[in-house]
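Results of the structural survey
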Amino acid sequence: MRFLKAIFNFLKSRGISRPIMIWLVGFASIIAALEISYIHGLLQKIYESDTTKISLLIGCIFFWQSILCGSQLWSQGQWNNSIKEGETCAESGWLWSDIVLSLGMIGTVIGFMMMLGGFATADFSNVESVQKLITKLSSGMSTSLSTTLVGLISSVLLKLQFFNLDKVVEDKKNSRSVL
């Protein structure tokens, strides 16, 4: 807790607003979690298990939108920036958070289709055929679960970021209406 307080105090002394501080600490935490996941081989497992590579697309969208949100938070901290621009970015961010969730669900459906597709050619009297079926089932299930996990996590994290941006834009709008 002291460490976070020291970081906030350092950033505050540099004239950085609280919302951008929250975004910076959150984004740095995401990068640290990804680094730990990479070190332990979790990212490689997700990449290898997702035969559709939809997880990679979701990750790219996530980072693109996160950086866009951070830059808009920074811009909104400068009082000469347009409120309308912040509202537009926030609305777009909410849309993209739903898109990554939907992409995760599409990966789930594709994974289930891969699983069920194995039954069409399976000959249960042949041991080799059953082994191929089990391989297809596990491949489909891992694709399904990987894309679901990546889509859900990305969606939640994007929604948290864009909630923060919405709050900043709303506060800015309210403070201008008072003036």
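Structural data are supplied above this passage.
Heads up: these notes are all about the structure in this document. Sequence positions are assigned chain by chain, starting from 1 and proceeding in written order. With pLDDT at 70 or above as the cut-off, local features in this predicted model cover only qualifying residues; side-chain atom pairs require 80 or more to be listed or tallied, and sums for whole chains, interfaces and linings still use all residues. Excluding hydrogens and water, the side-chain figures rest on all heavy atoms present in the structure.

**What about unusual backbone geometry?**
Residues other than glycine seldom take positive phi values, yet Lys53 does so here, at roughly 65°. By definition, any uninterrupted DSSP run of H or I lasting at least four residues is a helix, any uninterrupted run of E lasting at least two residues is a strand, and each is numbered from the N terminus. Secondary-structure assignment places Lys53 in the loop between α3 (42-49) and α4 (54-77). With a 1.4 Å probe rolled over the protein chains alone, any residue whose accessible area is under 20% of its type maximum counts as buried; one over 50% counts as exposed, and the rest are partly exposed. On the basis of relative accessibility, which here comes to 29%, the residue Lys53 falls in the partly exposed class.

**Details of the nonpolar core**
Take the buried residues of types Ala, Val, Leu, Ile, Met, Phe, Trp, Tyr and Cys, join any two whose side-chain atoms come within 4.5 Å, and each joined set is a nonpolar core. By size, the foremost hydrophobic cluster in this structure holds 25 residues, and its most contacted members are Trp23, Ile58, Cys69, Leu73, Phe162 and Leu165. Only α2 (18-39), α4, α5 (83-120) and α6 (127-178) provide two or more residues apiece to this core.

**Examining a nonpolar patch on the surface**
Each patch is assembled from residues with relative accessible area greater than 30% and no salt bridge, linking like charges that lie within 9 Å and nonpolar side chains (Val, Leu, Ile, Met, Phe, Trp, Tyr) that lie within 5 Å. Here, Shrake-Rupley sampling with a 1.4 Å probe gives the accessible areas, and only protein chains in the shown set may cover a residue. A side-chain nitrogen of Lys or Arg and a carboxyl oxygen of Asp or Glu constitute a salt bridge if their distance falls within 4 Å. A contiguous nonpolar surface patch, about 400 Å² in accessible area, is contributed by Met1, Phe3 and Leu4. Checked against the element boundaries, Met1 lands in the segment before α1 (2-13). We classify Met1 as exposed; its relative accessible area is 83%.

**Side note on the pattern of salt bridges**
Scanning the model with the defined rule gives three salt bridges in all. Residues Glu87 and Lys173 are paired through a salt bridge, measuring 2.4 Å at the closest nitrogen-oxygen approach. Pair noted here: Glu87 is in helix α5 and Lys173 is in helix α6, with a separation of 86 residues, a long-range link. The partly exposed category is assigned to Lys173, whose relative accessible area is 32%.

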